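Residue-level listing of the chains:
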Amino acid sequence: MIRVLMSGCNGKMGQMITGLVKEDEQVEIVAGIDTYTGISNTYPVFKSFTDCDVEVDVVIDFSNAAALEGLLAYCISKQVPAVICSTGYSEEQLQKIKEASEKVAILKSANMSMGINLLLKLLKDAAKVLAPAGYDIELVEKHHNQKLDAPSGTALALADSINDALNNEYNYVYDRSQVRQKRDSKEIGISAVRAGTIVGEHEVIFAGTDEVIEFKHTAYSRSVFGKGAVEAAKYLAGKPAGMYDMSDVIAF
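Residue numbers run consecutively from 1 along every chain, following the written order of its sequence. Local features in this predicted model are restricted to residues whose pLDDT is 70 or higher, and side-chain atom pairs enter the listing and the counts only when it is 80 or higher, whereas totals over whole chains, interfaces and linings include all residues. Think of the side-chain values as coming from all heavy atoms in the structure, minus any hydrogens and water.

S.K.: Which parts of the structure should I look at to understand the pairing of strand E7 (residues 136-143)?
M.R.: Looking down a regular strand, the side chains alternate between one sheet face and the other. A one-sided burial pattern is seen for E7, the buried positions being Ile 137, Leu 139, Glu 141 and His 143 and the unburied ones Asp 136, Glu 138, Val 140 and Lys 142. Two strands are counted as paired when DSSP detects at least two bridges linking them. Secondary structure follows DSSP: runs of H or I at least 4 residues long count as helices, runs of E at least 2 residues long count as strands, and numbering of each begins at the N terminus. Bridge count between E7 and strand E10 (residues 200-208): seven bridges; the pairing is antiparallel. Paired with Glu 138 across the bridge in E10 is Ile 205. Examined bridge by bridge, E7 and strand E9 (residues 187-194) share seven bridges and lie parallel to one another. Following the sheet pairing, His 143 is matched in E9 by Arg 194. Burial here depends on accessible area, computed with a 1.4 Å probe over protein chains only, as a share of the maximum for the residue type. Under 20% is buried, over 50% is exposed, and the range in between is partly exposed.

S.K.: Please explain the pattern of salt bridges as it appears in this structure.
M.R.: When charged atoms on two side chains of opposite charge get close, those side chains can pair. Salt bridges are defined as contacts in which a side-chain nitrogen from Lys or Arg sits within 4 Å of a carboxyl oxygen from Asp or Glu. According to the stated counting rule, one finds 15 salt bridges in the structure shown. The closest approach of N and O atoms between Glu 92 and Lys 96, which form a salt bridge, is 4.0 Å. Of this pair, Glu 92 and Lys 96 both sit in helix H3 (residues 91-100), four residues apart, which is roughly one turn of that helix. According to the relative accessible area criterion, Lys 96 is partly exposed, its value standing at 38%.

S.K.: It is not clear to me how the side chain of Ser 223 should be interpreted in this structure. Could you clarify?
M.R.: With respect to the element layout, Ser 223 can be found in helix H6 (residues 223-236). For this analysis, residues touch if any pair of their heavy atoms sits within 4.5 Å. Other than its neighbours up to four places away in sequence, Ser 223 contacts Met 16 and Leu 20.

S.K.: For this particular structure, what's the right way to read the environment of Gly 196?
M.R.: Tracing the chain through its elements places Gly 196 in the loop between E9 and E10. Put simply, Gly 196 and Glu 25 are 171 residues apart on the chain and 36 Å apart in space, counted from C-alpha to C-alpha. Beyond its immediate stretch of four places on either side in the chain, Gly 196 contacts His 144 and Asn 145.

S.K.: Even after reading the chapter, I still don't get the pairing of strand E6 (residues 105-108), so can you show me in this structure?
M.R.: Pairing of strand E5 (residues 82-84) with E6 involves three bridges; the strand directions are parallel. Among the inter-strand pairings, Ala 82 is bridged to a residue of E6, identified as Ile 106. Crossover connection from E5 via H3 to parallel E6: handedness right-handed. By the criterion used throughout, a crossover qualifies as right-handed when its path from the first strand across the helix to the second strand runs clockwise, the strands pointing away from the viewer.

S.K.: Would you explain helix H1 (residues 12-21) in this entry?
M.R.: For an α-helix the count is 3.6 residues per turn, leaving residues at separations of three or four pointing the same way. Within H1 the residues assigned to the buried category are Met 13, Gly 14, Ile 17, Thr 18 and Val 21. The arc enclosing the buried residues of H1, seen along the axis, measures out at 145 degrees, which places them on a common side. Among the structural elements, strand E1 (2-7), strand E2 (27-33), strand E4 (58-61) and H6 are those in contact with the buried residues of H1. Of all possible arcs, the one meant is that of the directions from the helix axis to the C-beta atoms.

See the structure below:
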């Protein structure tokens, strides 16, 4: 049984993962970290990593960027791998994560969904065939009206996956309203929609002459991200130091 420390255990994703793990015979949450302790859990909850005295095999982090320093210090000192699912990190913090991965196993992904990470791979293959044939590339992402950032980190990850396959020759265009000019052949258009309670929808369009090919992923529940995080924790437990991502979990 893999023992998990759930960082951000009393947040929406932390509570969702707590529920998911109850149905999993391979993993259990043995402790949690959260500054808010007003929720009753079946495991002990500590306000900080320094307070935690429970032995664990891996950390799943769904907290926030402010908790990163304590998370990394704990993982390095205890030699416990971490699945980092939080977002909003600065460039300096991303560098600290990279440095920490030289001492302990770290898995970080822009999106924990198994489907999105499969899509990242498929887009690379599609781009290598369709872009040289003159297909234009557009990306439309949709999220709920409470989301602050645009475009989403997942949208940028999808665009980066395509661009990596094309030797990074393409530029990203986020807004066409300020210029009056024809579309450049070496650009990826990225559009964002914020409305209602949309959990997450990403559509990638390859448009050629008289033909359109579309790749689309829709998340109907945040549980898809929780399930991916749990699978990542199973994979990462016991792994040597290094930087990992969801493509390692899916094993392309």
